[in-house]
Amino acid sequence: MKNKGKVVLIGAEDEENLAIRYLGAALKSENHEVKIISYSSRRDLKKVLNVIKRFYPDIVGISICFQSLALMFLELVKKLKKILPNTHITVGGHFPTFEYQELIMHDIDSVIRFEGEASICMLTDALVNGKNLENIPNLVYKSPHHDKIIENDIIRTFPDLDEIHFPLRKKKAQIRLGERFATLVASRGCFHSHCIYCCIGAFHNAKNGKKYAIRTPQNVALEMKELYSNKVRLFQFHDDNFLLPSVESNLTRLNELKLILKDYGIDLNKICILIKLRPDKLNGDIMDVLIDLGVIGIFLGVENASATGLNSLSRGSSVDDINKSLELIDQYGISTTFNLLMFHPKATLSEINENIKFMNENLDKSYDFGRVEIVAGSPLESLVKRKNLIHGKWPHWDYRIKDNAVEKMFRINQKTFYHEKSQYSELSHKMISLSYRSQLIKRLYPGKYSEKIIKKNKENLKKFNAFNLQNLLKIYELTGEDDWQDSINNINLNLQKNYLIFLEKSNEILNDMTKIQLLEKEFQKQSLNNYLQKSGLMKRLFKL
Ligand code: B12
Ligand code: SF4
């Protein structure tokens, strides 16, 4: 009889980490014993090591999707190897897929590149049954005497996504935006696969045929049904593009999903969905189905609001696509958020102007702005290396923007909005979450108090955006000056003072939203739907 392995899977988990949870499900289906451990911050290091020591695994699999966390994971690897020298440590994810040669020089026994379900099962089986590793696809490993690095063949097709086991979930679904929440993916890969800052194209590049694979609506609906029966009401799809390249295929697929969900007895008015879209694939017919399905929020891939910027980033969408999509989403009254990568190697001041103008036209939306960062495997990585713009140290590369004024503006931006003590990032994420939460409340708990909070939130968001814009313009002006240290100090003081006020206001709104959700849930349990928001007595009683 074959031996079965004990496997620990580790990854950062701001929310359930689908990478390790898909791997865990595959291993479990082959009767290996699996333990999932979250490691999201250095603070958890001691605890993580203790849990692993007690479990005493045959193999530890670590997901290093994020380049930004690579050093934190390498610290864990080093400590782990000291306490369990005979345990095989393998790593996988986007970053190791491209940086395997550098990573394997650390205390790592192997790297599994690309998608990992098949390979981790084969590796576990091989290790606990003393088999050779040479036939395990996607595997890179050290030879027995550590004198050679061996790279096995790679898998050149997507797995049949309907055949893969659903991710191993926590027993009790997490809470996000005040509701039971789950993330899922209905596809892998991206039909565009060209954006210069992104590694998804390269991640699937070796595959024959299409650049992406999809699950059938039946299979997606089945997973949603399981989650729904575990009380999940908020579903976030992490697909790089929730939509397919053609309108017809989207309509067929989404309508089918809608019908099956209804057949499963899921009340679509009681669920909310968050998705990510490119701006070039949306139209009114698709929006109609998305709304029926329960979509309340769309992260729109805007990324830059100028034609030259979009071109430099190889986005494959136009400013017109962006404006039309935003207008359409507005007409349907749901929430859009976006990111502006206005700093990039070829950015010019005139492009920055266009992006600032765009921000000014969209003060009612929650958004973030910043620079494209160098991610292993991305076309940008090769570009900055080729053009000699790269500096800094592995794995945290830095680069210089060609235009001196834009480079200066970016550095001032880092000393102000992105200063380590600045509350900008925290607040902008809060604004995104409040904007989605407004839509959630509007869908699940409509009524006059909900409307009141939604309005309050919109006003706060507009003020926040207008305030940031004022300060961004000050930074823009500084690009023409030589002596700017005092001005930076003044901007920071102003940001600090006002962010405290915005934070207080946002927390107040958040508390109001939470209160409505908790009360509505209690009233709905008693079948008193619509009672709370119609009654003046309730208003006085609960200070709504
Ligand atoms: C969900 C998500 C997040 C979530 C994280 C959720 C969580 N885990 O807590 C949030 C929103 C928090 C997030 C944040 C960020 N993200 Co993100 N995120 C994603 C996204 C969209 C989906 C990930 C996912 O669940 N995929 C589904 C699973 C099943 O696929 P997978 O991750 O590829 O896993 C498979 C393989 O990679 C492999 N594998 C993975 N791990 C391991 C481990 C082992 C041992 C093995 C054998 C195999 C293996 O097998 C898995 C199954 O086949 C990806 C894009 C993408 N398509 O994957 C970006 C992505 C991972 N994020 C990215 C980035 C850049 C970020 C941010 C830096 C963005 C920002 N500017 O703030 C931050 C960093 C956060 C941090 N903690 O530092 C980049 C990573 C690039 C890089 N190398 O660093 C990606 C690839 C997006 C992109 N297009 O470039 N992100
Ligand atoms: S950023 Fe999005 S659209 Fe662009 S290549 Fe990556 S996954 Fe595709």
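Scoring rules and cut-offs
Residues numbered from 1 in each chain as written. Chains lettered and ligands numbered in written order. Predicted model: local features only at pLDDT ≥ 70, side-chain atom pairs only at ≥ 80, totals over all residues. Heavy atoms only, no water. Near = heavy atom within 4 Å. Nonpolar A, V, L, I, M, F, W, Y, C, P; charged D, E, K, R; others polar. Polar contact = N/O pair within 3.5 Å; in protein donor to acceptor, adjacent residues only side chain to side chain. Helix = DSSP H or I, 4+ residues; strand = E, 2+ residues; numbered from the N terminus. Domains from an automatic or database assignment. Patch = residues over 30% accessible without salt bridge, like charges linked within 9 Å, V, L, I, M, F, W, Y side chains within 5 Å. Areas by Shrake-Rupley, 256 points an atom, 1.4 Å probe, with all protein chains shown as cover. Salt bridge = Lys/Arg side-chain N within 4 Å of Asp/Glu carboxyl O. Lys, Arg positive; Asp, Glu negative; His and termini not counted. Charge placed at Lys NZ, Arg CZ, Asp CG, Glu CD. Buried < 20%, exposed > 50% of the residue type's maximum accessible area, 1.4 Å probe, protein only. Axes fitted to C-alpha atoms, helices over the stretch in contact; angles between N-to-C directions. Parallel < 35°, antiparallel > 145°, perpendicular 65-115°, else oblique. Left-handed = near helix turned anticlockwise from the far one by under 90°. Contact = heavy atoms within 4.5 Å. Pairing = 2+ DSSP bridges. Right-handed = clockwise from strand over helix to strand, strands pointing away. Buried area = accessible area lost by both parts, 1.4 Å probe.

### Here we look at the site of ligand 2
Now for step 1: Around ligand 2 lies a shell formed by Cys-190, His-192, Ser-193, His-194, Cys-195, Tyr-197, Cys-198, Asp-240, Asn-241, Arg-278 and Arg-315.
Now for step 2: Residues belonging to the shell around ligand 2 are distributed by class as follows: four nonpolar, four polar and three charged.

### Describing the site of ligand 1
Now for step 1: Near ligand 1 you find 35 residues, and of these Asp-14, Ser-63, Gln-67, Glu-117 and Asp-240 are the closest.
Now for step 2: Within the side chain of His-94, one N or O atom sits 3.4 Å away from an oxygen atom of ligand 1.
Now for step 3: For ligand 1, a nitrogen atom lies 2.7 Å from a polar atom in the side chain of Asp-240.
Now for step 4: Take the shell around ligand 1: its biggest share by element is four residues, from helix α1 (residues 18-29).
Now for step 5: In terms of residue class, the shell around ligand 1 is built from 17 nonpolar, 10 polar and eight charged.
Now for step 6: Each of domain 1 (6-151) and domain 2 (169-402) accounts for three or more of the residues forming the shell around ligand 1.

### Here's the deal with a negative patch on the surface
Now for step 1: On the surface, Glu-477, Glu-481, Asp-482, Asp-483 and Asp-486 cluster together to form a negatively charged patch.
Now for step 2: Inspection of the secondary structure puts Asp-486 in helix α17 (residues 485-525).

### Observations regarding unusual backbone geometry
Now for step 1: Geometrically, the link from Trp-394 to Pro-395 is a cis peptide bond, its omega value of 0° lying close to zero.
Now for step 2: Summarising the element assignment, Pro-395 is placed in the loop between β17 (390-393) and β18 (396-399).
Now for step 3: Phi at Glu-303 takes a positive value of approximately 65°, unusual for a residue other than glycine.
Now for step 4: Residue placement: Glu-303 occurs in strand β14 (residues 295-303).
Now for step 5: Classification of Glu-303 by relative accessible area gives buried; the value is 8%.
Now for step 6: For Ser-314, which is not a glycine, the phi torsion comes out positive at approximately 55°.
Now for step 7: Summarising the element assignment, Ser-314 is placed in the loop between α10 (307-312) and α11 (319-331).
Now for step 8: On the accessibility criterion, Ser-314 (29% relative accessible area) is partly exposed.

### A word on a positive patch on the surface
Now for step 1: Taken together, the side chains of Lys-346, Arg-386, Lys-387 and Lys-402 define a basic patch exposed on the protein surface.
Now for step 2: Within the secondary structure, Arg-386 is located in helix α13 (residues 379-386).

### Topic: the packing of α1 against helix α5 (residues 117-128)
Now for step 1: At a minimum axis distance of 9 Å, the contact between α1 and α5 shows a crossing angle of 50°. Between α1 and α5, the angle is such that the two are oblique. Crossing of α1 over α5 shows right-handed handedness. Facing Tyr-22, Leu-23, Ala-26 and Leu-27 of α1, the residues of α5 in contact are Glu-117, Ile-120, Cys-121 and Thr-124.
Now for step 2: Here the residues of the contact of α1 with α5 sort into six nonpolar, one polar and one charged.

### With respect to the pairing of strand β2 (residues 33-38)
Now for step 1: The pairing of strand β1 (residues 6-11) with β2 spans six bridges and is parallel. Bridge pairing in β2 places Val-7 opposite Val-34.
Now for step 2: Each parallel crossover has a hand, and for β1 linked through α1 to β2 it is right-handed.

### Concerning the domain arrangement of the protein chain
Now for step 1: Along its sequence, the protein chain is organised into domain 1 (6-151), domain 2 (169-402) and domain 3 (411-544).
Now for step 2: Placing the centre of domain 2 and that of domain 3 at their C-alpha centroids yields a distance of 23 Å.
Now for step 3: Listed as interface residues are 42 residues of domain 2 and, on the opposing side, 31 residues of domain 3.
Now for step 4: Of all residues in domain 2, Leu-177, Leu-363 and Phe-369 give up the largest surface area on contact with domain 3, accounting jointly for 21% of the area buried on that side.
Now for step 5: Connecting domain 2 to domain 3 are two salt bridges.
Now for step 6: Salt-bridge contacts for Arg-411 lead to Asp-398; the nearest nitrogen and oxygen are separated by 3.2 Å.

### Points about the sheet that holds β14
Now for step 1: Ordered by their spatial adjacency, seven strands build an open sheet running β8-β9-β12-β13-β14-β15-β16, and the pairing between neighbours is mixed. The open sheet has two edge strands with one neighbour each: β8 (174-176) and β16 (366-371). Pairs of neighbouring strands in the sheet enclose a mean axial angle of 25°, with direction left out of account.
Now for step 2: Where β14 lies against strand β15 (residues 335-343), five bridges are found, and the strand directions are parallel. Looking at β15, one finds that Glu-303 is bridged to Leu-340.

### Examining the side chain of Arg-371
Now for step 1: Tracing the backbone through its elements, the reader meets Arg-371 in strand β16.
Now for step 2: Within the local environment of Arg-371, its side chain forms a polar contact with the side chain of Asp-398, the two groups lying 2.9 Å apart.
Now for step 3: Of note is the side chain of Arg-371, whose polar atom sits 3.0 Å from the backbone oxygen of Tyr-399.

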